[in-house]
Amino acid sequence: MKFNWGTGIFLSFVAFIVFILYFVVLSFRDPQSNHDLVTEDYYQQELKYQQDLDAAGNLNNSGEQIQIAKIPEGLRVRFPEAFAPEKIKGTVSLYRPSNKQLDFKTPIQLSERQLLIPKSRLLDGRWDIRVEWTYEGKPYLYQKKLTY
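Cut-off values and rules
- Residues numbered from 1 in each chain as written.
- Predicted model: local features only at pLDDT ≥ 70, side-chain atom pairs only at ≥ 80, totals over all residues.
- Heavy atoms only, no water.
- Core = buried A, V, L, I, M, F, W, Y, C linked by side-chain atoms within 4.5 Å.
- Buried < 20%, exposed > 50% of the residue type's maximum accessible area, 1.4 Å probe, protein only.
- Helix = DSSP H or I, 4+ residues; strand = E, 2+ residues; numbered from the N terminus.
- Contact = heavy atoms within 4.5 Å.
- Pairing = 2+ DSSP bridges.
- Axes fitted to C-alpha atoms, helices over the stretch in contact; angles between N-to-C directions.
- Phe/Tyr/Trp six-rings, centres within 6.5 Å; stacked < 30°, edge-to-face > 60°.
- Lys NZ or Arg CZ within 6 Å of the ring centre and 35° of its normal.
- Expected span 1.5 Å × (residues − 1).
- Arc of directions from axis to C-beta.

(A) The arrangement of the nonpolar core in detail. Judged by nonpolar contacts, the single largest core of 26 residues is most densely connected at Leu-75, Val-77, Phe-79, Leu-94, Ile-129, Val-131 and Trp-133. Residue assignment for this core shows that the elements contributing at least two residues are β2 (74-78), β3 (88-95), β5 (114-118), β6 (126-135) and β7 (138-147). Ranked by residues supplied to this core, first place goes to β6 with five residues. Beyond its immediate chain neighbours, meaning those up to four positions away, Val-131 contacts Ile-66, Val-77, Phe-79, Thr-91, Val-92, Ile-108, Tyr-140, Leu-141 and Tyr-142.

(B) Fine view of the sheet that holds strand β4 (residues 104-107). Taken in spatial order, the four strands of this open sheet run β4-β3-β6-β7, and their pairing is antiparallel. At either end of the open sheet lies a strand with only one pairing partner, and these are β4 and β7. Pairwise comparison of adjacent strand axes, ignoring direction, gives a mean angle of 15° for this sheet. Where helix α3 (residues 49-62) meets the sheet, its contacts fall on β6 and β7, and the angle it forms with β7 comes to roughly 90°.

(C) Layout of the packing of aromatic side chains. Enumeration over the complete set of coordinates arrives at eight aromatic pairs. Ring centres of Tyr-22 and Phe-23 lie 5.2 Å apart, and the angle between their planes is 75°; on these two criteria the pair is classed as edge-to-face. On the basis of relative accessibility, which here comes to 42%, the residue Phe-23 falls in the partly exposed class. Taken together, the ring pairs in this structure connect Phe-79, Phe-83, Trp-133, Tyr-135 and Tyr-140 into an aromatic cluster. The aromatic ring of Tyr-148 is capped on one face by Lys-70, whose charged end is 4.7 Å from the ring centroid. Taking NZ or CZ as reference, Arg-121 lies 3.8 Å from the ring centre of Phe-104, over its face.

(D) Quick peek at the sheet that holds β5. Spatial strand order, β1-β2-β5: three strands in an open sheet with antiparallel pairing. Both outer strands of the open sheet, β1 (67-71) and β5, are each paired with one neighbouring strand and no more. Sheet twist, expressed as the average angle between the axes of neighbouring strands with direction ignored, equals 20°. Relative to β2, β1 is paired through five bridges, and the arrangement is antiparallel.

(E) Examining unusual backbone geometry more closely. Non-glycine residue Glu-136 carries a positive phi angle of around 55°. Summarising the element assignment, Glu-136 is placed in the loop between β6 and β7.

(F) Broad picture of α3. Between its terminal C-alpha atoms α3 stretches 20 Å, which fits the 20 Å expected from 14 residues at 1.5 Å a residue. Buried residues of α3: Asp-52, Ala-55, Asn-58 and Leu-59, and no others. Axial view of α3: buried residues confined to an arc of 115°, hence all on one face. Seen from the open side of α3, the exposed residues pointing more than 90 degrees away from its buried face are Asn-60 and Asn-61. Of the surrounding secondary structure, the elements contacted by the buried residues of α3 are β6 and β7. The positive-phi residue at the C-terminal boundary of α3 is Gly-63, with phi of around 80°.

(G) Geometry of the pairing of β7. Pairing geometry for β6 and β7, over ten bridges, is antiparallel. Within the sheet, the bridge partner assigned to Glu-132 lies in β7 and is Leu-141. With antiparallel pairing between neighbouring strands as the criterion, β6 and β7 make up a hairpin whose turn holds two residues, including Glu-136 at a positive phi of roughly 55°.

Here's what the structure looks like:
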């Protein structure tokens, strides 16, 4: 068999395909590669997107805002003065983009206008906070990306 330029091109294509397939197989077999969705119920969350927009609009239309502050004890979530604390019902969700095992949800139980998320539950780094609550039957939503 004679080795000419046609054979060289063919062997180059075969070598390239084998090279690419090797790295594809290697990336799928790597236990450190995480191929999970951002959230488990992604499609259900997309279906309620308009409700989230309406709830966020309710907060903007009220003229009030939630204040979030990093304090030595943890993360303080302070609700607006216009809301009576005993009438606020909902949840605070903290989502860690880099590790879904750190995500957690806390029910809102207030005696004052603030909720404290203990420092022991938070690691330094980026968090997405989502505060969903109802007040007198009206839904409200606050979302923010923060660095703790």
